[in-house]
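This is what each chain is made of:
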Amino acid sequence: MHATVTAVLSGHPAPLLARWAGPALATALGAAYVAALYAASPPHERFALSRDAPTTIRRRLRAATAAAAAAPAALAAVATASVPASAAASASTAAPLLRLLALPWWPWPFGAAAAAPGGLRGAAAAAAVGAALAVVPFAGTLVDEAFEAVERWRWRRRLRQHRLQQQQQQQKLLAERRNDGDSVNPVADTTAAGDASAGWLRARAAEAWRVACAPFGWWWPSTTAAAYGHGGGGGDGGDSPDGAHHHPDAYTNVEEQQALVWWRTLVVGPLTEEVVFRGCSMALFAWSGWSVRATVLLSPLVFGAAHVHHAAETLRGPRRGEPGLVQEVAARTAFQFAYTTLFGWAAGVLVARTGHVAAAAAAHVVCNAFGFPDLSALAAPRASVRNAVTSVAHVAGLAGFVALLTWLPPDTRSSYYHF
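Residues numbered from 1 in each chain as written. Predicted model: local features only at pLDDT ≥ 70, side-chain atom pairs only at ≥ 80, totals over all residues. Heavy atoms only, no water.

**With respect to the packing of aromatic side chains**
Next, step 1: For the structure shown, the criterion picks out 9 aromatic pairs.
Next, step 2: The interplanar angle of 45° and the centroid separation of 6.3 Å between the aromatic rings of Phe303 and Phe343 together place this pair among those described as tilted. One end of the pair, Phe303, is in helix α11 (residues 292-305); the other, Phe343, is in helix α13 (residues 325-354), with 40 residues separating them in the sequence. Neither residue differs from the other here; Phe303 and Phe343 are each classed as buried.
Next, step 3: An angle of 75° between the planes, with centres 5.1 Å apart, marks the rings of Phe335 and Phe372 as edge-to-face. (Phe/Tyr/Trp six-rings, centres within 6.5 Å; stacked < 30°, edge-to-face > 60°. Helix = DSSP H or I, 4+ residues; strand = E, 2+ residues; numbered from the N terminus. Buried < 20%, exposed > 50% of the residue type's maximum accessible area, 1.4 Å probe, protein only.)

**Topic: the packing of helix α8 (residues 139-179) against helix α16 (residues 385-407)**
Next, step 1: Relative orientation of the contacting elements α8 and α16 amounts to 155°, with a least axis distance of 7 Å. The angle between α8 and α16 places the two elements in the roughly antiparallel class. Contacts between α8 and α16 involve Ala139, Gly140, Thr141, Val143, Asp144, Phe147 and Glu148 from the first element and Arg386, Val389, Thr390, Ala393, His394 and Gly397 from the second.
Next, step 2: Residue composition of the contact of α8 with α16, grouped by class: 5 nonpolar, 5 polar and 3 charged. (Axes fitted to C-alpha atoms, helices over the stretch in contact; angles between N-to-C directions. Parallel < 35°, antiparallel > 145°, perpendicular 65-115°, else oblique. Contact = heavy atoms within 4.5 Å. Nonpolar A, V, L, I, M, F, W, Y, C, P; charged D, E, K, R; others polar.)

**Things to note about the packing of α13 against helix α14 (residues 357-370)**
Next, step 1: Two elements in contact, α13 and α14, have axes whose closest approach is 7 Å; the angle formed by their N-to-C orientations is 145°. Considering only the axes of α13 and α14, their crossing is right-handed. Of the residues in α14, those touching α13 at Phe343, Ala347, Leu350, Val351 and Thr354 are Val357, Ala359, Ala360, Ala363, His364 and Cys367.
Next, step 2: Looking at the contact of α13 with α14 residue by residue, the classes come out as 9 nonpolar, 2 polar and no charged. (Left-handed = near helix turned anticlockwise from the far one by under 90°.)

**Details of the layout of surface pockets**
Next, step 1: Looking at the second largest pocket, its volume works out to about 450 Å³.
Next, step 2: Lining the second largest pocket are 25 residues, with Arg51, His310, Glu313, Thr314 and Arg332 sitting closest to its centre.
Next, step 3: Of all elements in the fold, only α2 (21-39), α3 (54-81), α12 (310-315) and α13 reach the threshold of two or more residues within the lining of the second largest pocket.
Next, step 4: Within the lining of the second largest pocket, the residues separate by chemical class into 9 nonpolar, 9 polar and 7 charged. (1 Å grid on protein atoms, 1.4 Å probe; cavity = no way out; pocket = protein on both sides within 12 Å on 5 of 7 lines; lining within 4 Å. Points joined across faces, edges and corners; volume = space filled by probe spheres on them.)

**Observations regarding the side chain of Glu45**
Next, step 1: Inspection of the secondary structure puts Glu45 in the loop between α2 and α3.
Next, step 2: The class for Glu45 is buried, based on a relative accessible area of 3%.

**Here we look at the environment of Thr27**
Next, step 1: By the element assignment, Thr27 lies in helix α2.
Next, step 2: Considering only alpha carbons, one finds Thr27 and Leu301, 274 residues apart in sequence, at a separation of 9.1 Å.
Next, step 3: In terms of polar contacts, Thr27 uses its side chain to reach the backbone carbonyl oxygen of Pro23, at 2.8 Å. (Polar contact = N/O pair within 3.5 Å; in protein donor to acceptor, adjacent residues only side chain to side chain.)

**A closer look at the confidence of the model for the protein chain**
Interpreting fine coordinate detail is not advised for predicted regions of low pLDDT.
Next, step 1: Averaged over all residues, the pLDDT of the protein chain is 76; the fraction at 70 or higher stands at 71%.
Next, step 2: When mean pLDDT is compared element by element in the protein chain, α14 scores highest at 94, while strand β1 (residues 226-227) scores lowest at 36.
Next, step 3: Note on residues 86-93: pLDDT under 50 across the span, and 9 contacts to partners over four residues away in sequence or across chains.
Next, step 4: Segment residues 105-115: pLDDT under 50, and 24 contacts once partners within four positions in sequence are set aside and those in other chains are kept. (pLDDT = per-residue confidence, 0-100.)

Below is the structure:
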């Protein structure tokens, strides 16, 4: 039995769980992850506050991190409960389990073990591959941004030329006034270039520090910068500048809210979701004897279903009762389920081919940074040269991504290679 358990944890096709147990446990794991996001808020604030409210974001960041940390522990418990105690004790080391979860486990970034699929060096290489591949389908977005950058550069050049002409006219008028004997006291710019550069660097450093501290609520001005949120929802009250009693998220700093959204979208969200929905869910499917192809095709359905809860937030939020809201939410939810499932398929292939969740996490970060691409150019490709080139780039980028993902050779040392 010890040999069987060790073979399962290291990638052998012998099933550790029943055929139905993998999908069932993966669904339960995804449901627990989503439930943790709502359990982090008091019942009277779960739908009264916007999901972008700073208080809600902070609570959900903590909840998502805790859920992602608990998921591998839950799988370790499943593996232990699925075999006799003597065999489980012999195979309870963290390295084989985390290797099957495609998580980097080796703490020292040197030596042969670091370059293995479970090592940090291998994880860095996999992350680079995932990030590079994720950029390819956004070729149309990059081309469109290049056209936009050229337009901005032309506009700035025209603005500089206009300002230069104004300065020349002012200098000409000053020269005429001097010739006429009038006293001239032009305002001098006393700010040195070095002081301006130092001030710019200090401002950027302070901004980076505020963004880094945003999830912890540190170093944010107590004064109100702008109104935000829905105001109601009960909970702890706060005093606004006008003396009224509001929820603390009714008036908050806009920069703080933007920094928290950045943390949610580009750091905590991608990392925790990939650990739960790729590392742990795919491992559960693999433990149940499903093939790599079936694991890649089926496990993303759990990931797509985990995003359906946004419909409840809209239906029970401030827009509740609006005409046509149900139809709008249904269409948006179906679309969100479709593209999150598509991304899950691509991320599953990356994990299976590289043996690392790091590849999927890096791709997830890139996709979240770009957002869903603007495909309006495809509706009228002949309207302008910009639309034509952007349309070609969209099609070429998508085709190139599929081709590169298909071509990506599997790592024979990957835990999923033998399934």
